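For reference, the chains in residue letters:
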Amino acid sequence: MTMPEDFGHTGKGGAAPGPAAPPRDISARMKGEVAYDAAAEAPVELLSAGADAPDVPVQADGAGCHAPAEQMEAQARAAGNGAVLDQFAIDYPRGPHDKPESMCPAFGSLRVGLRMRRVATVLSGSACCVYGLTFVSHFYGARRSVGYVPFNSESLVTGKLYEDIRDSVHEMADPERYDAIVVTNLCVPTASGVPLRLLPKAINGVRIIGIDVPGFGVPTHAEAKDVLAGAMLNYARQEIAAGPVPAPVAGRSDRPTVTLLGEMFPADPMMIGAMLAPMGLAAGPVVPCREWRELYAALDCSVVAAIHPFYAAAVREFEAAGRPIVGSAPVGVDGTHDWLAAIGAAHGVPAAQIAAAQNAFLPAIKGALAAAPIKGRITLSGYEGSELIVARLLIESGADVAYVGTACAASRWSAADKEWLEARGVAVKFRASLADDLAAADGLDPDLVIGTTPVVQHAKQKGVPSLYFTNLISARPLMGPAGAGSLGEVVNAAIAGKERMDKMRDFFEGVGEGDTAGIWEGSPNLRPDFRAQHQKKLDKAARAAKAQEMI
């Protein structure tokens, strides 16, 4: 492997420049504008605002990561990856629109791999994508290198890229350092059919896991976590079927365990374990796991709790291992009561023991909720997959939650939460778009907006208190008595900041917005003619791309 290279450089092989444009008198154009230097005096070739762009054929570019998703999907199917895309469509159904607006999905699987001990991660994709994913992974605290196998057009179409990947994993496969190596195809290698399935299953005792995580197949980064978690569980399940496997480092539990599906705050598994103890059960590993041996323990459970409901591939592996699945989570009074009953029933726990667990913790949850009440109307949205259970907790805390939007799809494991919320008048939107979330924030007159970065930014510009879901809400305990009072302080403090938000909005009133933001000595230099001219070029490229698809 080598460091990323910039394959966008054309070198000296580009087209020869055309004749220089003659100097033009731009004094008329400069009238009324504020100039700070002589840059505007450089000779340029101008088109009149009403003139059409030159009638030059525009070819749709289908070779890069910026190509239309439909075209890349067609190429992937033609290259033999149709079965992979069909499974993605089953596991992560789209709709009602094409795709939620969230970050590159491959970040999800990359983050899962980087959090595992003794696991190496290797990316195969465009250099710009690898740079961005590496940057974001380290921004979120990764402390390990990300491997990268670069390519160019020649190595991609001749199959040399696959050979380079194979050579790289052979070079890396050191059993003293790694239990597994994860190789991820991004959009371009997936569309080109780079066959990671042909990689050796193991090299020198190091497991090789190859997955495809294209942006045109996996809708969100949350669901990409499931792609890798499911692939690892599948590998571990085959190892178990083949013979004895090593026990977890911490040893096996002396009680039947409940595997917890979905990333959560570190204190939540301990609280869940305490609530399970009266039923004679213990909390098992959290999937995605932190080391390979935990996968064996996760499969060795008696029940799987789908705390996050979008792990379709992982659920498929647990069901293949004969493990029952229980949805929802022990949040609030109603959620904890129903969840303990469902877990107990799935394991065959006597009714008396289930009641003992409920009676031991429900009074404490009621007390915690009463001690930290929340007053105010809230709209909530995010892409983590835990939005519905957070909304349940907010409502039981006293909040008026008017809207819940999640970028993830509906599943049978989220059905109970959806029914509970809708019975209380909440509008629940699966595969919510940014437009859906903004419309809720604008139209429902909330006292607080909880959402993703663009939703929070939009609310703050309007002077509405807002909180970022991922960093300020989901990164808190949610389960049992510990979770019952965890949201009150931060939510109430945000709602109480309304006056401060109004002062900030009034202070910045009149500085403009969008492309007129800032302090201007004169009027902003608006050029609608440039915008219209550029839009014509975009429309022409879109028509050419559509015509290319028809061919």
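Above this note sits the structure.
These lines cover the structure that appears in this document, whether it is placed above or below. Nothing here was measured: the structure is a model prediction, and the numbers come from that model. (Residues numbered from 1 in each chain as written. Predicted model: local features only at pLDDT ≥ 70, side-chain atom pairs only at ≥ 80, totals over all residues. Heavy atoms only, no water.)

1. Digging into the overall build of the protein
When helices and strands are counted, the protein shows 22 helices and 14 strands. When contacts within the protein are restricted to residue pairs at least 6 apart in sequence, long-range pairs at least 24 apart make up 73% of them. Counting only carbon and sulfur atoms, one obtains 56% of the accessible surface of the protein, whose full area is about 26,500 Å². (Helix = DSSP H or I, 4+ residues; strand = E, 2+ residues; numbered from the N terminus. Contact = heavy atoms within 4.5 Å. Areas by Shrake-Rupley, 256 points an atom, 1.4 Å probe, with all protein chains shown as cover.)

2. Re a nonpolar patch on the surface
Side chains of Tyr 131, Phe 135 and Phe 139 sit close together on the surface and give an oily, nonpolar patch of about 420 Å² of accessible area. With respect to the helices and strands, Phe 139 occurs in helix 4 (residues 127–139). (Patch = residues over 30% accessible without salt bridge, like charges linked within 9 Å, V, L, I, M, F, W, Y side chains within 5 Å. Salt bridge = Lys/Arg side-chain N within 4 Å of Asp/Glu carboxyl O.)

3. Topic: the packing of aromatic side chains
Across all of its chains, the model carries five aromatic pairs by this definition. With centroids separated by 6.1 Å and ring planes inclined at 35 degrees, the aromatic side chains of Phe 88 and Tyr 92 adopt a geometry described as tilted. Each member of the pair, Phe 88 as well as Tyr 92, carries the same accessibility label: buried. With a centroid separation of 6.5 Å and an interplanar angle of 20 degrees, the aromatic rings of Phe 135 and Phe 139 are classed as stacked. With Phe 135 and Phe 139 both in helix 4, this residue pair falls four residues apart, about one helical turn. In this pair, the class of Phe 135 matches that of Phe 139, namely exposed. Counting every residue linked through ring pairs, the aromatic cluster contains Tyr 131, Phe 135 and Phe 139. Between the NZ or CZ atom of Arg 424 and the centre of the ring of Trp 420, over which it lies, the distance is 3.8 Å. (Phe/Tyr/Trp six-rings, centres within 6.5 Å; stacked < 30°, edge-to-face > 60°. Buried < 20%, exposed > 50% of the residue type's maximum accessible area, 1.4 Å probe, protein only. Lys NZ or Arg CZ within 6 Å of the ring centre and 35° of its normal.)

4. Things to note about the environment of Pro 246
With respect to the helices and strands, Pro 246 occurs in the loop between helix 8 (221–242) and strand 6 (257–261). Residues Pro 246 and Tyr 296, 50 residues apart in the sequence, show an inter-C-alpha distance of 8.2 Å. In contact with Pro 246, not counting residues within four places along its chain, are Arg 293 and Tyr 296.

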